[in-house]
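# Close look at the chain arrangement
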Amino acid sequence: PVVQTNSIGMKLVLIPPGEFQMGSTKEEVDRLVEEGKRQNVPAWYPERVSSETPQHHVKITRPFYLGLCEVTQGEYERVMGANPSELQGDPHRPVEMVSWHDATEFCQRLSGLPREKAASAVYRLPTEAEWEYACRAGTATRYSFGDDAAVLGEYGRCRPSSPGGTQVVGRLRPNAWGAFDMHGNVWEWCYDRFATDYYAKSPTDDPTGSKSGAGRVLRGGSWRLAGPDESRCAYRHALNPDHRSATLGFRVARTLAP
């Protein structure tokens, strides 16, 4: 099925195998770096943006399921027994205040639930390549819906139009493959270690990130601090895997049973 519901009521969408151009062109990166300088962005920003090059060909060789939405506070509490979120009030808001380690433990515990084990369901964080491929949903534009940042508010919750924090998942428009909130709401942890030079040596088929590096990749932007440029399909962010904040969440991937 294209959309599947698991034992805790989480919906996942089937992502087909395929090919795409990952990252950004040098011309796009040069433009973003120059704009950033004029806006007095933090010192780390040019390095982050520059890590989007070189743009390179990637193949996702196997289909997989991806959470239709970010993991919610209700789903997290059902599996983990607690809700760490700072911005509570509705169980359908995305869980936040979760580290990379918290997110991977959630995946392990979800995989261990009786009905999931019986179905041979294995949950994990998506790789960075899987995330960008699913976000783009067949497009080659800055956002999953095109290049116009003025339309971003219809698809994602990010600065400057995000007072009051996160919002309930799935309320805005989905991308072409049916995934919600790929832009904004909360940053989403990915499996990969972050390295600024990884794209220059990335394998073509199913890349899984650098073999070294302290930080873990985050994608998608968030309701606070991240603006339109940081919410692009190609933007790469990274933090220490122990880091927690009200802007950090995740969505799960599910490997198809053989």
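For the structure itself, look to the data block above.
Below or above, wherever it landed, is the structure these notes cover. (Residues numbered from 1 in each chain as written. Predicted model: local features only at pLDDT ≥ 70, side-chain atom pairs only at ≥ 80, totals over all residues. Heavy atoms only, no water.)

### Focus on helix H3 (residues 73-80)
We count it as follows: Accessibility here uses a 1.4 Å probe with only protein chains present; expressed as a share of the type maximum, an area under 20% marks a residue as buried, one over 50% as exposed, and anything in between as partly exposed. For helices the rule is a DSSP run of H or I covering at least 4 residues; for strands it is a run of E covering at least 2, with both sets numbered from the N terminus onward. Working note: the arc is built from the helix axis to C-beta atom directions. In this analysis, two residues are considered to be in contact whenever any of their non-hydrogen atoms come within 4.5 Å of each other.
All buried positions along H3 are accounted for by Gln-73, Glu-75, Tyr-76, Val-79 and Met-80. Looking straight down H3, one finds that the buried residues subtend no more than 160° of arc, so they occupy a single side. Turning to H3, the residues buried within the fold contact helix H4 (100-111). Of the residues one or two after H3, Gly-81 is the one with positive phi, at around 85°.

### Concerning the pairing of strand E7 (residues 187-193)
Looking along a regular strand, one sees the side chains alternate between the two faces of the sheet. Keep this limit in mind: Criterion used throughout: strands pair if DSSP finds at least two bridges between them.
Counting buried positions over the seven residues of E7 gives five, a clear majority of the element. Pairing analysis gives two bridges linking E7 to strand E10 (residues 248-249), with the strands arranged parallel. What sits directly across from Trp-187, in E10, is Leu-248. Pairing geometry for E7 and strand E8 (residues 216-219), over three bridges, is antiparallel. When the bridges of E8 are listed, Arg-193 appears paired with Arg-216.

### Overview of the side chain of Asp-102
For the record, the criterion: Polar contact is defined as a pair of N or O atoms within 3.5 Å, subject to the rule that within protein one atom must be able to donate a hydrogen and the other to accept it, and that residues adjacent in sequence are counted only when both atoms are side-chain atoms.
Along the polypeptide, Asp-102 turns up in helix H4. Judged by its relative accessible area of 14%, Asp-102 falls in the buried class. From its side chain, Asp-102 meets the backbone nitrogen of Ser-99 in a polar contact 2.9 Å long. A polar contact of 2.8 Å, which involves the side chain of Asp-102, links it to the side chain of Arg-244. In this view, Asp-102 contacts Tyr-76, Met-80, Met-97 and Arg-244; residues no more than four positions away in its chain are not counted.

### Thoughts on the nonpolar core
In summary, soluble globular proteins display a tendency toward joint burial of nonpolar side chains. What counts, and what does not: Residues belong to a common nonpolar core when they are buried Ala, Val, Leu, Ile, Met, Phe, Trp, Tyr or Cys residues joined through side-chain atoms within 4.5 Å.
Membership of the largest hydrophobic core comes to 31 residues, with the highest contact counts inside it found for Met-10, Val-71, Tyr-76, Phe-106, Trp-189, Phe-250 and Val-252. Where this core is concerned, the elements lending two or more residues are helix H1 (26-38), helix H2 (45-50), H3, H4 and E7. Counting residues per element, this core draws most heavily on H4, at five residues. When sequence neighbours within four positions are dropped, the list of residues in contact with Val-252 reads Met-10, Leu-12, Tyr-65, Leu-66, Gly-67, Val-71, Phe-106, Cys-107, Tyr-123, Arg-124 and Pro-126.

### Here we look at unusual backbone geometry
Put simply, Thr-53 and Pro-54 share a cis peptide bond, and its omega is -5°. By secondary structure assignment, the location of Pro-54 is in the loop between H2 and strand E4 (56-60). In this structure, Asp-181 is a non-glycine residue whose phi angle is positive, near 60°. Relative to the helices and strands, Asp-181 is located in the loop between helix H6 (128-136) and E7. The residue Asp-206 is not glycine, and still its phi comes out positive at about 45°. As for its placement among the helices and strands, Asp-206 is situated in the loop between E7 and E8.

### Regarding the sheet that holds E7
Remark on secondary structure: sheet strands pair via backbone hydrogen bonds, oriented parallel or antiparallel. Taken in spatial order, the four strands of this open sheet run E9-E8-E7-E10, and their pairing is mixed. Each having just a single partner strand, strand E9 (237-239) and E10 make up the two edges of the open sheet.

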